[in-house]
Amino acid sequence: MDTITHNAQAAGKADTAPVPQWSVDAVAALLDLPFNDLLFRAQTVHRENFDANAVQLSTLLSIKTGGCPEDCGYCPQAARYHTDVDNEAMLEVDVVVAAAKAARDQGATRFCMGAAWRGPKQRELDRVLQMVKAVRGLGMETCATLGMLKAGQAEQLKDAGLDYYNHNLDTAPEFYGSIVSTRTQDDRLDTLGKVRDAGLHVCSGGIVGMGETRRTRAALIAQLANLTPYPESVPINNLVQVEGTPLHGTAALDPFEFVRTIAVARITMPKAMVRLSAGRQEMSEGIQALCFAAGANSIFYGDKLLTTGNPEAARDRALLDKLGMYPLRVATAGVQAVASEQ
Ligand code: SAM
Ligand code: DTB
Ligand code: SF4
């Protein structure tokens with residue numbers, strides 16, 4: 001047997017444990033592979049599960065910007081850090097629907113609404129529910145990222161037509177406390193459990209380039225891959241360094257290390273949409289192409305993420321064109337349902 005194996009297989013438990021569990025050692029061994037061997041493995045897995053030339057285009061909109069009470073060390077929206085981001089009121093439903101229509105007209109098939117909350121109050125959630133219904137009505141796949149959810153809130157989002165809830169683990173458990181102190185990773189896992197129980201698709205990933213070690217990146221990927229089932233959607237963000245945040249000035253991650261992280265996410269979560277997320281504006285086209293080769297099949301599309309920049313849509317279309325790639329036209333719900341049954 002290959003030296004890099006799933007734990008369960010290595011322990012001879014493949015028959016009794018239907019969901020393979022990844023050890024940090026096994027994921028770290030993948031990250032340590034020679035680059036070409038890692039890319040070959042990742043692309044092989046990718047081709048077994050997806051059209052290797054199709055990329056999902058997902059547009060983000062910040063529906064409530066700034067003023068967040070949390071202290072995530074990477075985030076420009078935390079009220080306590082002095083950044084250029086102001087505390088703004090929540091957007092009106094019609095403004096959000098107009099933005100979603102514009103995104104759809106540009107070719108996006110997924111629309112993700114983000115809010116700088118620790119979690120939504122019921123009054124706030126009520127307006128989000130209206131937004132979700134309206135955006136779903138446009139025929140787009142819907143995603144929301146609103147922070148921690150209380151009992152019953154995930155069910156309300158599901159009933160409104162939400163497809164995915166994004167809630168990132170962000171980093172490995174042992175590093176989490178160095179990045180965020182106002183909540184624990186168990187709080188994150190609790191919300192992910194509520195999302196799963198409500199029948200929503202899970203979108204959960206993390207951020208690299210926060211000064212973590214390769215071992216920490218392996219531990220993050222192992223933790224995501226060991227969720228049962230693993231998330232249908234896995235955003236891998238490269239830290240966008242924003243002046244005024246504690247992580248501003250962190251040594252930049254070697255771009256090949258970012259590609260390796262994408263590849264390992266693809267290998268360990270074969271049917272997930274792997275999202276090449278924040279940090280693309282600072283990334284060369286060559287590195288982005290390597291990320292696609294490593295199995296990334298979704299990008300944020302449109303000139304803004306939540307508060308920071310993203311490549312212009314026309315530039316992204318030109319890049320895909322140069323690579324002979326094209327936007328994924330259909331909603332991924334069918335694919336995701338299969339992933340959930342692993
Ligand atoms: N407040 C909610 C929460 O934290 O879950 C939802 C919005 S929050 C901005 C969504 C995600 O954006 C975070 O979990 C984090 O992974 C990502 N993010 C925030 N700031 C970032 C940055 N500077 N660079 C990369 N990713 C970032
Ligand atoms: C995710 O993992 N990345 C997106 C989305 N989910 C919500 C957010 C990236 C935010 C980057 C910093 C900003 O623009 O404020
Ligand atoms: Fe708030 Fe989310 Fe930013 Fe953390 S990542 S400060 S919870 S908006």
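Overview of the structure. What you are looking at is a predicted structure, and each value in this text was computed from that prediction instead of being measured.

## Structural notes on the pattern of salt bridges
As a working rule, side chains carrying opposite charge can pair if their charged atoms are close by.
Inference 1: Counted under the stated rule, the structure contains 15 salt bridges.
Inference 2: Across the salt bridge formed by Asp190 and Lys194, the nearest N and O atoms sit 2.7 Å from each other. Remark: Lys194 and Asp190 occur in helix α8 (residues 185–197); sequence separation between them is four residues, near one turn of the helix.
Inference 3: Its relative accessible area of 42% is what places Asp190 among the partly exposed residues.
Inference 4: Using a relative accessible area of 24% as the deciding quantity, one classes Lys194 as partly exposed.
Inference 5: Overlapping salt bridges bring together Asp32, Glu212, Arg214, Arg217 and Glu257 as one network.

## Some remarks on helix α4 (residues 93–105)
Inference 1: Helix length check: α4, at 13 residues, gives a terminal C-alpha distance of 18 Å against a target of 18 Å (1.5 Å per residue), a fit within 8%.
Inference 2: Where α4 is concerned, the buried positions are Val93, Val96, Val97, Ala100 and Ala103. The arc that holds the buried residues of α4, viewed along the axis, is 120°, so those residues lie on one side. Residues Asp94 and Asp105 are exposed on α4 and point more than 90 degrees away from its buried face.
Inference 3: Those residues of α4 that are buried lie in contact with β1 (54–64), β2 (110–115) and α5 (122–137).
Inference 4: At the exit of α4 stands Gly107, carrying a positive phi of roughly 115°.

## A look at the site of ligand 2
Inference 1: With respect to spatial proximity, the complete set of residues near ligand 2 consists of Leu60, Pro76, Thr145, Asn166, Asn168, Pro235, Asn237, Phe300, Leu305, Leu306, Thr307 and Thr308.
Inference 2: One of the side-chain N or O atoms of Asn166 is found 3.5 Å from a nitrogen atom in ligand 2.
Inference 3: Between Thr307 and ligand 2, the recorded distance is 2.7 Å, taken from a side-chain N or O atom to an oxygen atom.
Inference 4: Protein chains shield 89% of the accessible area of ligand 2, which is 410 Å² for the free molecule.

Cut-offs applied
Per chain, residues are indexed from 1 in the order of the written sequence. Chain labels run from A onward and ligand labels from 1 onward, assigned in the order the entries are written. Local features in a predicted model are, by the rule used here, given only for residues with pLDDT of at least 70; side-chain atom pairs are given and counted only at 80 or more, and totals for whole chains, interfaces and linings are based on all residues. Calculation of side-chain values draws on the structure's entire complement of heavy atoms; hydrogens and water are dropped beforehand. Take a side-chain nitrogen of Lys or Arg and a carboxyl oxygen of Asp or Glu: if they are within 4 Å of each other, that pair is a salt bridge. Every helix listed is a DSSP run of H or I at least four residues long, and every strand listed is a run of E at least two residues long, numbered separately from the N terminus. Burial classification: accessible surface area is computed with a 1.4 Å probe over protein chains only, and a residue below 20% of its type maximum counts as buried, one above 50% as exposed, and the rest as partly exposed. Given a helix with a known number of residues, its expected span is that number minus one, times 1.5 Å. An arc is given here, and it is the one of the directions from the helix axis to the C-beta atoms. Here, two residues are considered to be in contact whenever any of their heavy atoms come within 4.5 Å of each other. Whether a residue is near a molecule or strand depends on its heavy atoms: it is near if one of them lies within 4 Å of it. Polar contact is the term for a pair of N or O atoms within 3.5 Å; when the atoms are in protein, one must be able to donate a hydrogen and the other to accept it, and sequence-neighboring residues count only if both atoms are side-chain atoms. To be clear on the numbers: accessible area is Shrake-Rupley with a 1.4 Å probe, and residue cover counts the displayed protein chains and nothing else.

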